[in-house]
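What the coordinates show
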Amino acid sequence: MERRKVTFRLYPNAAEDARLIGWLRLHCELYNAALEERIDAYRKHGKSVGYYEQQNVLPEIKADRPEFVELGSHALQQTLRKLDLAFQSFFRRVKAGQTPGFPRFKSAKRFSGFCYPDPAGWKLMQLGARGATLRIGSGKEAMSIRARGQHRFGEGGKPDDLTITRKHGQWLASVTVRVPDEACARTRTGDAHRGLDFGLNDWATFDDGQTIANPRFVRNELPRMTELQRQQARKKRGSIRYRRLGRQVAKLHERIGNLRRDFLHKQTTRMVQTCAVLATEELRTQNMSRSARGTQEKPGRMVRQKAGLNREILSAGSGMAHQMLTYKAAEAYTRLHLSNTRQLKPSQRCAACWELVPRTLAQRTHVCPHCGHTAPRDQNAASVVLIDAHTPGTGVAARPKPLARQRARSKSVTRETPTTASQDA
Ligand SMILES: [Zn+2]
């Protein structure tokens with residue numbers, strides 16, 4: 001069994017929208033109240049309140065405030081777990097010597113959403129190719145919300161949990177589906193052996209000289225983003241115009257994210273479909289972005305913004321591409337070879353004679369002083385990793401990132417309380 005995440009966009013009508021907002025507010029209220037309780041208990045009594053103590057009060061809350069009942073007890077527990085996780089990560093980072101921010105009170109606007117940790121209290125029905133209906137709530141009060149989205153697992157997929165989020169006024173439903181391995185399999189149309197180098201000038205270069213150009217959003221949307229942010233900087237902080245521009249920036253960020261994800265999905269799918277062996281370097285987290293700093297004679301403009309933007313756009317892209325390649329390669333029975341960058345140094349090694357040829361990032365062509373082999377720099381690197389893939393005993397393991405479990409066990413002092421132990425099982 002594999003777990004896969006599928007996201008649907010929800011199209012609630014006005015009444016349903018209002019009701020969802022009401023639910024979101026209640027979840028937010030619960031979150032803030034639980035946070036306040038933890039802070040108070042510590043300040044006044046030096047006592048720390050754990051997840052299970054807070055969970056055990058939920059029935060009383062529901063008796064006092066009947067509007068909480070229709071949210072579902074597991075969804076309410078999940079919101080308390082979310083707070084507990086925030087505290088756990090806070091303490092973990094304190095322990096590690098970092099300086100994390102203390103868990104914050106959230107306004108309903110900033111509250112991202114809520115989650116049903118198991119298949120109870122909701123049902124997603126697929127209609128046709130892309131349509132769907134999300135039935136949520138219980139009994140006569142249940143809502144049937146129109147949705148759009150699809151997954152390729154057919155009837156075999158068993159839904160596990162549901163997360164409902166609100167982003168810029170849009171509602172999204174993310175469903176984790178448990179799928180049998182055979183339903184995940186991908187058909188492969190080719191058996192090529194390809195080396196692959198991710199770069200900055202071209203997004204990717206193959207060992208046979210083919211390239212994939214950088215996607216258009218890097219050219220088209222980034223200047224727009226810079227322009228919007230520049231306009232926003234001229235407005236008075238907190239004014240209506242400032243906030244309006246802020247919303248536009250956020251929307252554009254999301255658009256870039258969507259374009260990037262779409263591009264990466266298409267490219268990585270094509271790669272694993274046509275290749276039996278695919279070789280690339282292990283993920284580099286640094287040195288991915290060219291600096292915008294410029295030189296002393298010709299300093300760059302907007303250095304910090306550009307550095308941030310470049311880093312974010314490009315490194316998130318390469319991380320995501322690796323992630324997608326890893327699980328898609330497994331699904332298509334393609335062997336994904338990740339070379340050990342430090343040992344192999346693909347960008348400095350000659351693919352013909354295997355000698356190291358140190359050079360700077362600015363040199364775009366590889367000319368070997370030892371054997372005379374000449375090739376574009378990225379293509380040479382792609383050839384090197386492909387040779388590495390054909391050498392036994394090289395490479396590092398490619399591990400797909402596991403999906404987060406919604407019902408992660410909370411660490412708590414009251415874990416052994418019998419009533420809660422049975423509910424958690
Ligand atoms: Zn050489």
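Coordinates for the structure precede this section.
The sections below set out a description of the structure shown in this document. For clarity, every value in this text was computed on a predicted model and none was experimentally measured.

Bringing the packing of aromatic side chains into the picture now. For the coordinates displayed, the defined rule picks out 10 aromatic pairs. Consider the rings of Tyr 51 and Tyr 52, whose centres lie 4.9 Å apart with planes at 75°: the pair is edge-to-face. Grouping residues by exposure puts Tyr 51 and Tyr 52 together as buried. Through a chain of ring-to-ring contacts, the aromatic side chains of Phe 87, Phe 90, Phe 91 and Phe 102 assemble into a single cluster. Its end group placed over the ring of Phe 87, Arg 38 keeps NZ or CZ at 4.7 Å from the ring centre. One residue, Lys 82, lies across the ring of Phe 111, its end atom 4.1 Å from the ring centre.

Here we come to the sheet that holds strand E9 (residues 202–206). Strands sit in the order E10-E9-E8-E11-E12 across an open sheet of five strands; the sheet is mixed. Every other strand in the sheet has two partners, leaving strand E10 (211–213) and strand E12 (335–339) as the edge strands with one partner each. On average, each strand axis in the sheet is inclined to that of its neighbour by 20°, with strand direction left out of account. Sheet analysis places strand E8 (residues 192–198) next to E9, joined by three bridges and oriented antiparallel. Within the sheet, the bridge partner assigned to Leu 196 lies in E9 and is Phe 206. Contacting E8, E9, strand E11 (275–281) and E12, helix H10 (residues 377–389) runs over the sheet at an angle of about 130° to E8.

The next thing to look at is the coordination of the zinc ion. Every protein donor of the zinc ion is accounted for by Cys 350 (SG), Cys 353 (SG), Cys 368 (SG) and Cys 371 (SG), and the metal-donor separations fall at 2.2 to 2.4 Å. Because the angles between the four donor atoms bound to the zinc ion fall within 108 to 111°, the donor set is best described as tetrahedral. Summarised as a motif, the one-chain spacing of the donors to the zinc ion is C-x2-C-x14-C-x2-C. Relative accessible area serves as the criterion here: at 4%, Cys 368 is assigned to the buried category. For Cys 371, a relative accessible area of 40% gives the class partly exposed.

A separate point is the environment of Ser 239. You can see Ser 239 is positioned in the loop between helix H6 (216–234) and helix H7 (240–274). Within the structure, Ser 239 has its side chain in polar contact with the backbone oxygen of Lys 236 (distance 2.7 Å).

It is the contact of H6 with H7, at a shortest axis distance of 9 Å, that shows an interaxial angle of 165°. Put simply, H6 runs roughly antiparallel to H7. Our pair here, H6 against H7, has a crossing hand that is left-handed. For the pair H6 and H7, the contacting residues are Phe 217, Glu 221, Leu 222, Arg 224, Met 225, Leu 228, Gln 229, Gln 231 and Gln 232 in the first and Tyr 242, Leu 245, Gly 246, Gln 248, Val 249, Leu 252, His 253, Arg 255, Ile 256, Leu 259 and Arg 260 in the second. Residues that form the contact of H6 with H7 fall into these classes: 10 nonpolar, six polar and four charged.

Definitions and cut-offs
For every chain, the first residue of the written sequence is number 1, and numbering continues from 1 onward in sequence order. Per-residue local features of the predicted model are confined to residues with pLDDT of at least 70, and side-chain atom pairs are confined, for both listing and counting, to 80 or more; whole-chain, interface and lining totals are unaffected and use all residues. Neither water nor hydrogens contribute to the side-chain values; these are computed over all heavy atoms in the structure. Classification of ring pairs rests on two measures: the distance between centres of Phe, Tyr or Trp rings, Trp counted by its six-membered ring, which must be within 6.5 Å, and the angle between planes, read as stacked under 30 degrees, edge-to-face over 60 and tilted in between. Between buried and exposed lies partly exposed: a residue is buried under 20% and exposed over 50% of the maximum accessible area for its type, with that area taken using a 1.4 Å probe on protein chains only. Charge-over-ring contacts are defined here by two conditions on Lys NZ or Arg CZ: a distance within 6 Å of the ring centre and an angle within 35 degrees of the ring normal. A pair of strands counts as paired when DSSP detects no fewer than two bridges linking them. Here a helix means four or more residues in a row that DSSP labels H or I, a strand means two or more in a row labelled E, and each is numbered from the N terminus. Orientation is described by axes fitted as lines to C-alpha atoms, over the contacting stretch for helices, and by angles from 0 to 180 degrees between their N-to-C directions. The contact definition used throughout considers only heavy atoms, calling two residues in contact when any of these lie within 4.5 Å. As a rule, N, O and S atoms within 2.8 Å of a metal are its donors, except that Na, K and Ca use 3.2 Å; water is not among the atoms, so sites may look incomplete. Angular criteria define each label, namely tetrahedral for four donors with all angles between 85 and 135 degrees, square planar for four and octahedral for six donors with opposite donors over 155 degrees apart and remaining angles between 65 and 115, and irregular for whatever fails these tests. We define a polar contact as two N or O atoms separated by no more than 3.5 Å, with the added condition that, inside protein, one atom must be a possible hydrogen donor and the other a possible acceptor, whereas residues neighbouring each other in sequence contribute only through side-chain atom pairs. Here the word oblique covers every angle except those under 35 degrees (roughly parallel), over 145 (roughly antiparallel) and from 65 to 115 (roughly perpendicular). The hand of a helix crossing depends on one turn: near helix anticlockwise from the far one by less than a right angle means left-handed, and clockwise means right-handed. Residue type decides the class: Asp, Glu, Lys and Arg count as charged, Ala, Val, Leu, Ile, Met, Phe, Trp, Tyr, Cys and Pro as nonpolar, and the leftover types, Gly among them, as polar.

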